[in-house]
Structure formats: C-alpha cells, structure tokens
Amino acid sequence: MMSSQKDAGIPLNHAPDGIGYKLLELPLELLALLESDTPPVLTLESSTDSAILRSGAQSWALRQKNTSNALILLKPSDEASSSQIRETTLKAIATIHDTVELIVEAKETSAPVTKGKWHERFARGR
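Residues numbered from 1 in each chain as written. Predicted model: local features only at pLDDT ≥ 70, side-chain atom pairs only at ≥ 80, totals over all residues. Heavy atoms only, no water.

This part is about the overall build of the chain. Summing up its helical and strand segments, the chain has three helices and six strands in all. Beginning at the N terminus, the succession of helices and strands in the chain can be written as α-β-β-α-β-β-β-β-α. The burial tally for the chain puts 15% of its 126 residues in the buried class. Pairs at least 24 residues apart make up 55% of the contacts formed inside the chain by residues separated by at least 6 positions. (Helix = DSSP H or I, 4+ residues; strand = E, 2+ residues; numbered from the N terminus. Buried < 20%, exposed > 50% of the residue type's maximum accessible area, 1.4 Å probe, protein only. Contact = heavy atoms within 4.5 Å.)

This is the structure in structure tokens:
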C-alpha cells in the first residue's frame, strides 16, 4: 500500500458550541483606523432605524443582510482516536446565514425652515 493511500485527510466533526456568531463587515476606512497605532474608541448607540456605531465625528448604521451561501466556522482540535493517538481534527462550531454591514451615516443637518403650506396661508387670509 502506498503512503498516500493511508492518508485519510483531516476529520471534520459537527460540534456546535451554542454561541450565536455574527459576521461584521468593516468598511476599509474603519479597518484602517482600528489597525492604526492609536485606534479610536467605538461606541454603540440606538436610533429609531438601527444601531449606530460611532467613532468621534464618524458614524455607521448597522444593517443585517442575509447571504445565500452559509459560512461555516471551523475550530481546530486535538482528539485522541480509538488507538489513543492524538490527531488533529476540525470542528464545525457554527453556521452563519447573515452578516452585519456598516453603512456610513449622513451627517446631521439642521432642518430647513418651512414657510408654511399654501392652504395654511390661504386660510389665514379669509
């Protein structure tokens, strides 16, 4: 028997760990800030539409999006086989079906001054 025929590959086991994982998609500018020598402090706030991630003057809205292809998180593990030999295996600990994306929030601007509706102006003159 050839040595390549003995190699059965790396065993894969289904072993969910019960933790609900979310994949967060970071914009390149935020990733650059987080990898800098002086990473910023991030805060998470609520709004009427979504959660808001803030860093100084910058802010991003968190939006969940579904993916058609599931992502499987794998974790390496050393387990003893039936022959008491330790072998490296992989455990599928979670399957992710959606991701969270960050969308740049528009800067808050002051509300425009309204001059009233035409029917309100008309009613006052009668």
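There is more to say after this.
Before going further, it helps to examine a nonpolar patch on the surface. Side chains of Leu24, Leu26, Leu28, Leu31, Leu34 and Leu42 sit close together on the surface and give an oily, nonpolar patch of about 490 Å² of accessible area. It is helix 2 (residues 28–34) that contributes the most residues to the nonpolar patch, three residues altogether. Examined against the element boundaries, Leu26 turns out to sit in the loop between strand 2 (23–25) and helix 2. For Leu26, a relative accessible area of 34% translates into the label partly exposed. (Patch = residues over 30% accessible without salt bridge, like charges linked within 9 Å, V, L, I, M, F, W, Y side chains within 5 Å. Areas by Shrake-Rupley, 256 points an atom, 1.4 Å probe, with all protein chains shown as cover. Salt bridge = Lys/Arg side-chain N within 4 Å of Asp/Glu carboxyl O.)

Looking at the chain as a whole, the pLDDT averages 81, with 74% of positions reaching at least 70. The element-level mean pLDDT for the chain is lowest in helix 1 (residues 3–6), coming to 56, with strand 3 (residues 43–46) highest at 94. (pLDDT = per-residue confidence, 0-100.)

Looking at where Leu33 falls in the secondary structure, it is placed in helix 2. With residues up to four places along the chain from it excluded, the contact list for Leu33 reads Pro39, Pro40 and Gln58.

Note that Leu34 resides in helix 2. A relative accessible area of 32% places Leu34 in the partly exposed class.

As enumerated under the stated definition, the model contains four salt bridges in all. Ionic pairing is found between Lys22 and Asp98, a salt bridge with its closest N-O pair at 3.1 Å. Residue Lys22 is located in the loop between strand 1 (12–14) and strand 2, and its partner Asp98 is located in strand 6 (residues 86–104); the two are separated by 76 residues in the primary sequence. The closest approach of N and O atoms between Arg54 and Glu45, which form a salt bridge, is 2.6 Å. Assessed through its relative accessible area of 25%, Arg54 is described here as partly exposed. Residue classification places Glu45 among the partly exposed residues on the basis of a relative accessible area of 35%.

Take the pairing of strand 4 (residues 51–55) next. In terms of strand pairing, strand 3 meets strand 4 through four bridges, oriented antiparallel. When the sheet's bridge partners are listed, Thr43 is paired in strand 4 with Arg54. Adjacent in sequence and paired antiparallel, strand 3 and strand 4 are bridged by four residues. (Pairing = 2+ DSSP bridges.)

A few words on the side chain of Ser55. Take Ser55: it is sitting in strand 4. Discounting chain neighbours no more than four positions away, the residues touching Ser55 are Pro40, Val41, Leu42 and Trp60.

Now for the environment of Ile10. As for its position among the elements, Ile10 is in the loop between helix 1 and strand 1. Accessibility expressed as a relative area gives 56% for Ile10, which makes it exposed. Put simply, Ile10 and Thr88 are 78 residues apart on the chain and 6.9 Å apart in space, counted from C-alpha to C-alpha. When sequence neighbours within four positions are dropped, the list of residues in contact with Ile10 reads Thr88, Thr89 and Leu90.

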